[in-house]
Amino acid sequence: MSAETKSPSEAKSTDRREFLRTSAFTVVAGGVLAACGRGASNSAVVAARPTADSDQSGGAMAAHPAVPSATAAADEMDRMHEAGIKAFPAKTTGLGNQLLAPKIVAGVKVFELTASAISWETTPGVKVAAFAYNEQVPGPQIRVTQGDRVRIILKNNLPESTAIHFHGLELVNAMDGVPFITQPPVKPGQSFTYEFTVPNSGTHMYHSHHNSTKQVGMGLLGAFLVAPKETTEYERADIDHVMVLNDGFHGYTFNGKSFPATQPIVAKLGQKVRIRFMNEGMMIHPMHLHGMHMTVFAKDGWTLPAPWRCDTLNVAPGERYDVIVNCNNPGTWAFHCHILPHAESDHGMLGMVTALIVQA
Ligand SMILES: [Cu+2]
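Residues numbered from 1 in each chain as written. Predicted model: local features only at pLDDT ≥ 70, side-chain atom pairs only at ≥ 80, totals over all residues.

### Details of the sheet that holds strand E10 (residues 239–246)
Taken in spatial order, the 6 strands make up an open sheet running E11-E10-E13-E18-E15-E16, and their pairing is mixed. Sheet topology places strand E11 (253–254) and strand E16 (302–310) at the edges, where each strand pairs with a single neighbour. Relative to strand E18 (residues 320–326), strand E15 (residues 294–299) is paired through 4 bridges, and the arrangement is antiparallel. Bridge pairing links Ala298 to Asp322 in E18. (Pairing = 2+ DSSP bridges. Helix = DSSP H or I, 4+ residues; strand = E, 2+ residues; numbered from the N terminus.)

Here it is in structure tokens:
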């Protein structure tokens, strides 16, 4: 039996997404029936007849009172929306972007990254094929200080070649991580060692630069955060939150998870939250915060000469923005991409939605 012909009661036992697809279709078909009355004959409508006869009044072709039918559909839609909100933040297996402590070897900070193919849960019940560093999407968070000597040992356990590019760092050419331009590809089973002195501070990224539509889209990416030698006012935020945006093979995600499995940012009233947006996807995402504004103070790791304020910040592929939110308005505030299909559908919020929770 196809999803289109399941009744709502049958579909309730399946996952929310499938059920929502089914009910969305039924709503459309019911609307067509209500509008056309007898004579609707296209095959899609015929397939939906059993579900359209929700009141058992004599078949889908029988006249249905328009208002009660519309109310039932609205209630069902609301139930879906509420269920998504109530589930937030939903538990899933696996958490990416976890701080990776370096091993210190003769004064060098050594980080080991192993790339492998894994299964990754983006939202409850949705498991996707992923390429991951250290079995995390995003890969482990790397934090260093400007001037540090670092060594990154990449082990490739993928079925294809790869390489790491340190996006935003102004490195010596040989460390730029682009196969056939600055190094040979790292073949399956091989390792490659990157070593450099960290030249510039700011919010940066590391990701594959080989077959990257697939490899970055499947999860070979992570945050590379460089503290400046001298701490600025903005570096002294109470909470420092990395938000990696992606829109590849895993759908619309923040830090590898889709709503309702995205993580909220939780702050106390009066605290300063620093948010580091980074877009590893292929689309622009205008990030919109409700209730409070964001003060943008850095772009691509570079401190702006004059910070500026906004509530919607367009983050294009490859860009990073650092913002401060002064949490002066208590409540749970929606925080989402404002390209609406990236955030909501008939079956409720999805994808690029989270919340800033300001506790009074
Ligand atoms: Cu978006």
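Read on for the rest.
### Some points on the pairing of strand E14 (residues 285–289)
Burial along E14 is one-sided: His285, Met287 and Leu289 are buried, while Pro286 and His288, pointing the other way, are not. Taken together, the 4 bridges between E14 and strand E17 (residues 312–315) define a ladder with antiparallel strand orientation. Bridge pairing links Pro286 to Asn314 in E17. Pairing analysis gives 3 bridges linking E14 to strand E19 (residues 331–337), with the strands arranged antiparallel. Following the sheet pairing, His288 is matched in E19 by His336. (Buried ≥ 20, exposed ≤ 12 C-beta atoms within 10 Å, placed from the backbone.)

### Some thoughts on the environment of Gly177
Position of Gly177 among the secondary structure elements: in the loop between strand E6 (164–167) and strand E7 (191–197). Not counting residues within four places of it along the chain, the set of residues in contact with Gly177 comprises Ala163, Ile164, His165, Phe166, Thr182, Gln183, Tyr194 and His209. (Contact = placed C-beta atoms within 7 Å.)

### Looking at the nonpolar core
Grouped together as the largest cluster of nonpolar side chains are 65 residues, with contacts concentrated most on Ala223, Phe224, Val244, Leu245, Phe277 and Val325. Taken together, domain 2 (103–227) and domain 3 (233–359) each give at least three residues to this core, which thus spans both. Setting aside residues up to four positions removed in sequence, Phe277 forms contacts with Met243, Leu245, Met287, Leu313, Val315, Arg320 and Tyr321. (Core = buried A, V, L, I, M, F, W, Y, C linked by C-beta atoms within 7 Å. Domains from an automatic or database assignment.)

### Here we look at the sheet that holds strand E8 (residues 202–208)
Pairing is mixed in the open sheet, where 4 strands are placed in the order E4-E9-E8-E6. Bordering the open sheet on either side are strand E4 (142–145) and E6, each of which pairs with just one other strand. On average, each strand axis in the sheet is inclined to that of its neighbour by 25 degrees, with strand direction left out of account. Relative to strand E9 (residues 221–227), E8 is paired through 6 bridges, and the arrangement is antiparallel. (Axes fitted to C-alpha atoms, helices over the stretch in contact; angles between N-to-C directions.)

### Looking at unusual backbone geometry
The omega angle of the peptide bond from Phe88 to Pro89 is -10 degrees, so this bond is cis rather than trans. Relative to the helices and strands, Pro89 is located in the loop between helix H5 (66–87) and strand E1 (103–105). In this model, Val137 is joined to Pro138 through a cis peptide bond whose omega is -10 degrees. Secondary-structure assignment places Pro138 in the loop between strand E3 (126–133) and E4. One non-glycine residue, Asn134, lies in the positive phi region at around 50 degrees. Relative to the helices and strands, Asn134 is located in the loop between E3 and E4. Its identity is not glycine, yet Asn211 carries a phi of approximately 45 degrees, on the positive side. Mapping Asn211 onto the fold places it in the loop between E8 and helix H6 (212–217).

### Side note on the confidence of the model for the protein chain
When pLDDT is averaged along the protein chain, the result is 85, and 81% of the positions lie at 70 or above. Across residues 1–65, where pLDDT falls below 50, the model places 65 contacts with residues more than four positions away in sequence or in other chains. (pLDDT = per-residue confidence, 0-100.)

### Description of the environment of Asp322
Among the secondary structure elements, Asp322 is positioned in strand E18. What Asp322 contacts, discounting residues up to four positions off in sequence, is Thr203, Arg274, Arg276, Phe297 and Ala298.

### What about the pairing of strand E13 (residues 272–279)?
Where a strand is regular, its side chains alternate between the two sheet faces. The element E13 is extensively covered by neighbouring structure, given that 7 of its 8 residues are classed as buried. Where E10 lies against E13, 7 bridges are found, and the strand directions are parallel. Of the residues in E13, the one forming a bridge with Val244 is Met278. Sheet topology places E13 next to E18; 7 bridges connect them, and they run antiparallel. Directly across from Met278, in E18, lies its bridge partner Arg320.

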